[in-house]
Amino acid sequence: MSGKRQIKIAPSILASDFARLGEEVRSLDKAGADYIHIDVMDGHFVPNITIGPDLVKALRPHTSKTFDVHLMISPVDLYIDAFARAGANIISFHPEAGAHPHRTVQAIRAAGAKPGLVLNPGTPLEALDPLIGDIDLVLVMSVNPGFGGQSFIESQLARIASIRKRIDATGRDIELEVDGGINFDTAPRAIAAGADVLVAGTATFKGGETAYARNIATLRGDA
Ligand code: DX5
Ligand code: ZN
């Protein structure tokens, strides 16, 4: 990898005002968000329930930015078409959520979305090996999935660096996204370790709507 990587910020709407979601998405678009990160939780794979495909569909007309849909659900395959039809551009899933992760990758691709693989803090990096040739994004969890507002798990920095090496060794265009506890302190360290895309819920929304643009620029390292 040569040159300076272009860093993208993916605000997680989990931290937004759910009663004003359409407006929030429009504000994030205007504030310079690269992706809109949508956390889908089922109360079964993770202990929280959030968003379904109908809500994704309702938000779609509010922005043309990439919808980065993070599925924390089990089973996964049953819902891929619904999320793709609703307007998901990237669909990421956890390999623990089903018996056949490669089939899930194929199903996401067939539905017209980009497949991403999510690695929990406790998932061995080897889970990546059989799939790295077929995915467009690796999402490294720097918290355990389920809730916003948790603290960044420091041990994930070394894993980000080692995934960066694995990605670069493929020569493929695979984004490395980091999710959980990203703030003004942890963002530069995640970038230094090799991240291309940073998910940020709490840190994007802090200070209210007038602060979104500044928060996003600071997280990206532009401010
Ligand atoms: C956690 C979610 C994250 C979360 C990030 O399960 O995947 O996307 O919303 O929230 P913050 O940035 O507040 O840690
Ligand atoms: Zn997420």
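Use the structure listed above.
A brief look at the structure comes next. Every value quoted in this text rests on a predicted model; they were computed, and no experiment measured them.

**Re the site of ligand 1**
Okay, so step 1: Taken together, the neighbourhood of ligand 1 is formed by 20 residues, with D39, G146, D179, G201 and T202 sitting nearest.
Okay, so step 2: Contact between ligand 1 and H70: an oxygen atom at 3.2 Å from a side-chain N or O atom of the residue.
Okay, so step 3: In this structure, G181 approaches ligand 1 through a main-chain N or O atom, which is 2.8 Å from an oxygen atom.
Okay, so step 4: Of all the elements in the fold, those that place two or more residues in the shell around ligand 1 are β2 (35-41), β3 (66-72) and β8 (197-200).
Okay, so step 5: With three residues, the top contributor of residues to the shell around ligand 1 is β2.
Okay, so step 6: Grouping the amino acids of the shell around ligand 1 by side-chain chemistry returns eight nonpolar, 10 polar and two charged.

**Here we look at the side chain of T123**
Okay, so step 1: Relative to the elements of secondary structure, T123 occurs in the loop between β5 (114-119) and β6 (137-141).
Okay, so step 2: Side chain to side chain, T123 and E96 meet in a polar contact 2.5 Å long.
Okay, so step 3: Setting aside chain neighbours within four positions, we find T123 in contact with P95, E96 and R159.

**Thoughts on the coordination of the zinc ion (ligand 2)**
Okay, so step 1: Surrounding the zinc ion (ligand 2) are the protein donor atoms H37 (NE2), D39 (OD), H70 (ND1) and D179 (OD), which sit 2.0 to 2.3 Å from the metal.
Okay, so step 2: Counting residues between consecutive donors of the zinc ion (ligand 2) along the chain gives the motif H-x1-D-x30-H-x108-D. A residue pair is termed long-range when its members are at least 10 positions apart, and D39 in strand β2 and H70 in strand β3 qualify at 31 residues.
Okay, so step 3: With a relative accessible area of 5%, D39 lands in the buried category.
Okay, so step 4: Since its relative accessible area comes to 0%, H70 is described here as buried.

**Overview of the pairing of strand β4 (residues 90-93)**
Okay, so step 1: Here β4 shows two buried faces, one formed by I90 and S92 and the other by I91 and F93.
Okay, so step 2: At this point the chain moves from β3, through helix α3 (residues 80-86), to the parallel β4, and the crossover so formed is right-handed.
Okay, so step 3: Pairing between β4 and β5: four bridges, direction parallel. Looking across to β5, one finds that F93 is bridged to L117.
Okay, so step 4: Where the polypeptide runs from β4 across helix α4 (residues 101-110) and back to β5, its parallel neighbour, the crossover connection is right-handed.

**Description of the sheet that holds β3**
Okay, so step 1: Ordered in space as β1-β8-β7-β6-β5-β4-β3-β2, the eight strands form an open sheet in which the pairing is parallel. Whereas interior strands pair on both sides, the edge strands pair on one side only; in this sheet they are β1 (8-11) and β2. Between one strand and the next, the sheet's axes are offset by a mean angle of 25°, whatever the strand orientation.
Okay, so step 2: Across four bridges, β5 lies against β6 in parallel orientation. By the bridge assignment for β6, G116 is matched with L137.

**Remarks on helix α1 (residues 21-30)**
Okay, so step 1: Of the residues making up α1, those classed as buried are L21, G22, E24, V25, S27 and L28.
Okay, so step 2: Considering only its buried residues, α1 is in contact with β1, β2, α2 (53-59), α7 (202-205) and α8 (212-220).
Okay, so step 3: Two residues or fewer past α1, G32 is found with a positive phi of approximately 100°.

Criteria and cut-off values
Residues numbered from 1 in each chain as written. Chains lettered and ligands numbered in written order. Predicted model: local features only at pLDDT ≥ 70, side-chain atom pairs only at ≥ 80, totals over all residues. Heavy atoms only, no water. Near = heavy atom within 4 Å. Polar contact = N/O pair within 3.5 Å; in protein donor to acceptor, adjacent residues only side chain to side chain. Helix = DSSP H or I, 4+ residues; strand = E, 2+ residues; numbered from the N terminus. Nonpolar A, V, L, I, M, F, W, Y, C, P; charged D, E, K, R; others polar. Contact = heavy atoms within 4.5 Å. Donors = N, O, S within 2.8 Å, 3.2 Å for Na, K, Ca; no water. Buried < 20%, exposed > 50% of the residue type's maximum accessible area, 1.4 Å probe, protein only. Right-handed = clockwise from strand over helix to strand, strands pointing away. Pairing = 2+ DSSP bridges. Axes fitted to C-alpha atoms, helices over the stretch in contact; angles between N-to-C directions.

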